[in-house]
Each structure stands twice: as structure tokens, then as C-alpha cells.
Amino acid sequence: MKIFLLGGTKDSINIIQYVKDNYDAYILTTTTTEYGAKLAREGGSDDTIARPLLKDEIIKIITENGFDILIDATHPFASHITQTSSSIAQELNLPYIRFERPTTDLSNIETSHIHYVTSFDEAGKLIENEFANGNVLHFAGANTMEDVLKHVSVDRFYPRILKVASSIEKCEKLGVDPDHIIAMNGAASLEENIALIEKYDASVMITKESGEVGGVIEKIQAADEKNVAVVMIQRPKIDGLNKNDIVSNLNELDGKLKSFF
């Protein structure tokens, strides 16, 4: 079985390890960064591509190398690549699985301090209008900073980003003070989040609804403990995705793989 895996998430690493443990499979994992590719190789991926791929490039790689299945395990907010991968599978009549991490269960968590928005531009406007004082912790990645900074002063902006050159370059381009950059790899613990809130005297935190794997619960709990507002960007709705192609855990993935092969 030859698997073309769109990765770059913790979910994709779990998939690699599970498939390699349970199937005779060759896996090519694509990520947008060398850091993501490194984690994929360490997880057991046979090969990696560490850069964004255009639709035509993906089609060429799949057809020229005889891949049997396309698995999309990209981030819940990477809606464009999910739409693209789904359309590629339809065009090639190729088995397709979208691994969609479950939404965060907040039923047992204090949520009164959470403010929901649908975009980073909206997040910036909300902070500009309702949280004009205090510093802003941006826990949503380097690629989403620009829309927020259209409305929020860079002087009060503290982004947590991956410790990679491309993310640091984005900060520099947007005029973020090097002392404001929080370069970390992986999700932070509750204690780490509390420490960051205290260190940077934050009054508001920006995050995505990226699921428990993305550390959302630890962020919310830290914000609640320190009386910090949370501006949470809701997941985008992805048009054209067949619900029958979606799995949310490794058992469901296993069932899908068995149904195909």
C-alpha cells in the first residue's frame, strides 16, 4: 500500500506510526516546513517533501509514483488544501480519507471569558474595540499575524511561533520586536501558558479552535486562572467535503483503510 499523506500535524505523526505498525505500507508525507518533515521522518515516514505543493504537483507525484490512497491530515484551519486534496482524489478516482481532529469538548471548562470570532481580521477588530489595554498573546501561528496587526499595535503584540527561520522572518517583516517573539516547538502545558501570561503581562489571548491536540484546553484554563480574555477563531467550514470521507480517530482510520484494501 502506497500512501500519499498531507501532514504537518501531530495527527499525521500518529497516523504514520499507526500505519507502519499495522500495515505493509510506504508513506510519503508532505509538509510546509522542514521541521514538520523532520518530525514525520522520525515518526517513520519513508520519504518527505518539505514545501507547499501546488495542485498540479500533487497530481503529478501521485500518478507518476502509483500511490494507492490520499490521506489529508493537515490542520483544521488549512481549508484550502483540504478542498484541493478532496478534488484531486475525485479527479483521479483515488481512495481518500480526511482525518479531522475532533472539536474541543469544553463542557467541563469555564468558558465565560471566551469570545468567538470567525477570522483573524475580526479578532483584531474585537481586541481594538474591547481590549484596548494590556498586552496580546498571539497563540495562533506566524501566518495569521498580519490580519490581527491591521488593528492591534505591534508594541503590545507577543506572538508564539515555531522556532523556524520562516516564522521569525515573518515577525521581522511585520515589525515585531525580537524581545516579543516567543519561539517554541509543540503545544505548551498549562504551567507554561500561565508563565507566559505572567511574563508578558497579557490581558488577552488569541487562539484557534484547533482541538485538544493543539493544546486549546491548556490555553483556556491558563487564561481563566489569570483572568485573561480568550479570542477564539472558529474552524472554517469546508465546502464540497463528503462526510463519509472523514474520520476522527485511529480506529475509524483503520476501518476506512480496511474498506479500501
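Small disclaimer: the values here were computed from a predicted structure and weren't measured. (Residues numbered from 1 in each chain as written. Predicted model: local features only at pLDDT ≥ 70, side-chain atom pairs only at ≥ 80, totals over all residues. Heavy atoms only, no water.)

Trainee: Help me out: how do you make sense of unusual backbone geometry in this one?
Mentor: Across the chain, the bulk of peptide bonds are trans and the bulk of non-glycine residues have phi less than zero. In the Ramachandran plot, aspartate 201 falls in the positive-phi region, its phi being about 50° despite a non-glycine side chain. Relative to the elements of secondary structure, aspartate 201 occurs in the loop between α8 (190-199) and β10 (202-208). For aspartate 201, a relative accessible area of 57% translates into the label exposed. If you check the backbone angles, asparagine 227 has positive phi at about 60° while not being a glycine. Along the chain, asparagine 227 turns up in the loop between α9 (216-225) and β11 (229-233). According to the relative accessible area criterion, asparagine 227 is exposed, its value standing at 71%. (Helix = DSSP H or I, 4+ residues; strand = E, 2+ residues; numbered from the N terminus. Buried < 20%, exposed > 50% of the residue type's maximum accessible area, 1.4 Å probe, protein only.)

Trainee: I'm lost on the environment of valine 176 in this one. Help?
Mentor: One can find valine 176 in the loop between α7 (165-173) and β9 (182-183). Separated by 77 residues in the primary sequence, valine 176 and phenylalanine 99 place their C-alpha atoms 34 Å from one another. Not counting the four nearest positions on each side in its chain, valine 176 is found in contact with Leu149, Val154, Phe157, Pro159, Cys171 and Ile181. (Contact = heavy atoms within 4.5 Å.)

Trainee: Would you take a moment to explain the pairing of strand β1 (residues 2-6) for this structure?
Mentor: Residues in a regular strand point their side chains to alternate faces of the sheet. Counting buried residues in β1 gives 4 out of 5 residues, a clear majority hidden from the surface. Pairing of β1 with strand β2 (residues 26-31) involves 5 bridges; the strand directions are parallel. Of the residues in β2, the one forming a bridge with isoleucine 3 is isoleucine 27. Note on the crossover from β1 through helix α1 (residues 10-22) to β2: the handedness is right-handed. (Pairing = 2+ DSSP bridges. Right-handed = clockwise from strand over helix to strand, strands pointing away.)

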